[in-house]
Amino acid sequence: MQKWIMSGLFFAACAFAVILMFTLPGKEQVAEQNNPTLPVVQLDTAKAEATVKANCITCHGDQLQGGIGPSLQNEGSGNDAEGIFSIVTKGRGQMPSFKDKLAPEEIANVAMWLSEKK
Ligand code: HEC
């Protein structure tokens, strides 16, 4: 008899744990609200170059040598992908935010590409 009660409790606890797993907001979800986190993407160089050509070279120069904005030719030595993702997503000073123009994955791809320029 006691065995049945024990295993009943055990299964109830398991079911409760599973429900919690699906209903509690994940750690990433909470962090996302405070600070945009870099989505995991595979670097696609051609796509990054196309995105930059369409959105960034007016200010940063067609060789990323700088213009209205600073040169990005060695951006990777000062900023990692995470930092660049945050600047491009939120904007900073004269730098516009691209939150509404580009998908997070597109920004992440560009950020990863730029972070390799050292
Ligand atoms: C309207 C002009 C403009 C456009 C378009 C623009 N930027 Fe900028 N960007 C700036 C300016 C100005 C700054 C300097 C911001 C500051 O005062 O901190 C900057 C800063 C940056 C920085 C930080 C540089 C550093 O090391 O301090 C990064 C990275 C960057 N831009 C990336 C991009 C990318 C990627 C794009 C295209 C998706 C883009 N920018 C489009 C004007 C622009």
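A brief look at the structure comes next.

**Overview of the layout of surface pockets**
So, step 1. Reported here for the largest pocket is a volume of approximately 470 Å³.
So, step 2. Around the largest pocket, the lining is made up of 26 residues, and of these His60, Pro70, Leu72, Ile87 and Met95 lie nearest the centre.
So, step 3. Contributing elements (two or more residues each) for the lining of the largest pocket: α3 (45-55), α4 (57-60), α6 (81-90) and α7 (104-115).
So, step 4. The space that makes up the second largest pocket amounts to roughly 180 Å³.
So, step 5. Residue lining of the second largest pocket: Glu49, Val52, Lys53, Ile57, Asp62, Gln63, Leu64, Gln73, Trp113 and Lys117, and that is the complete set.
So, step 6. Examining the composition of the lining of the second largest pocket, we find that three residues originate from one element, α3, more than from any other.
So, step 7. Partitioned by chemical class, the residues of the lining of the second largest pocket number four nonpolar, two polar and four charged.

**Looking at the site of the ligand**
So, step 1. In the region of the ligand, 21 residues are neighbours, and Cys56, Cys59, His60, Arg92 and Met95 sit closest.
So, step 2. Side-chain polar atom of His60 to a nitrogen atom of the ligand: 2.7 Å apart, as the coordinates give it.
So, step 3. Assessed atom by atom at 2 Å from the grid points, the ligand resides in the largest pocket.
So, step 4. Contributing elements (two or more residues each) for the shell around the ligand: α4, α6 and α7.

**Overview of a nonpolar patch on the surface**
So, step 1. A surface patch of nonpolar side chains, about 320 Å² in accessible area, is lined by Ile5, Met6 and Leu9.
So, step 2. Looking at the element boundaries, Met6 is found in helix α1 (residues 2-23).

**Describing the coordination of the iron atom of the ligand**
So, step 1. All of the protein donors around the iron atom of the ligand are His60 (NE2) and Met95 (SD); their distances to the metal are 1.9 to 2.1 Å.
So, step 2. One way to put it: the six donor atoms around the iron atom of the ligand meet at angles of 87 to 179°, and that makes the site octahedral. Here His60, found in helix α4, pairs with Met95, found in the loop between α6 and α7; they are 35 residues apart in sequence, far enough to count as distant.

**A short note on the packing of α6 against α7**
So, step 1. Closest axis-to-axis distance for the α6/α7 pair is 8 Å, and the angle between their directions is 130°. Comparing the axis directions of α6 and α7 gives the class oblique. Regarding α6 and α7, the two cross each other, and that crossing is right-handed. Along its contact with α6, which presents Ala81, Ile84, Phe85, Val88 and Thr89, the element α7 presents Pro104, Ile107, Ala108, Ala111, Met112, Leu114 and Ser115.
So, step 2. Here the residues of the contact of α6 with α7 are counted per class, giving ten nonpolar, two polar and no charged.

Thresholds applied
- Residues numbered from 1 in each chain as written.
- Predicted model: local features only at pLDDT ≥ 70, side-chain atom pairs only at ≥ 80, totals over all residues.
- Heavy atoms only, no water.
- 1 Å grid on protein atoms, 1.4 Å probe; cavity = no way out; pocket = protein on both sides within 12 Å on 5 of 7 lines; lining within 4 Å.
- Points joined across faces, edges and corners; volume = space filled by probe spheres on them.
- Helix = DSSP H or I, 4+ residues; strand = E, 2+ residues; numbered from the N terminus.
- Nonpolar A, V, L, I, M, F, W, Y, C, P; charged D, E, K, R; others polar.
- Near = heavy atom within 4 Å.
- Polar contact = N/O pair within 3.5 Å; in protein donor to acceptor, adjacent residues only side chain to side chain.
- Sits in = over half its atoms within 2 Å of the grid points.
- Patch = residues over 30% accessible without salt bridge, like charges linked within 9 Å, V, L, I, M, F, W, Y side chains within 5 Å.
- Areas by Shrake-Rupley, 256 points an atom, 1.4 Å probe, with all protein chains shown as cover.
- Salt bridge = Lys/Arg side-chain N within 4 Å of Asp/Glu carboxyl O.
- Donors = N, O, S within 2.8 Å, 3.2 Å for Na, K, Ca; no water.
- Tetrahedral: all angles 85-135°; square planar, octahedral: opposite > 155°, others 65-115°.
- Axes fitted to C-alpha atoms, helices over the stretch in contact; angles between N-to-C directions.
- Parallel < 35°, antiparallel > 145°, perpendicular 65-115°, else oblique.
- Left-handed = near helix turned anticlockwise from the far one by under 90°.
- Contact = heavy atoms within 4.5 Å.

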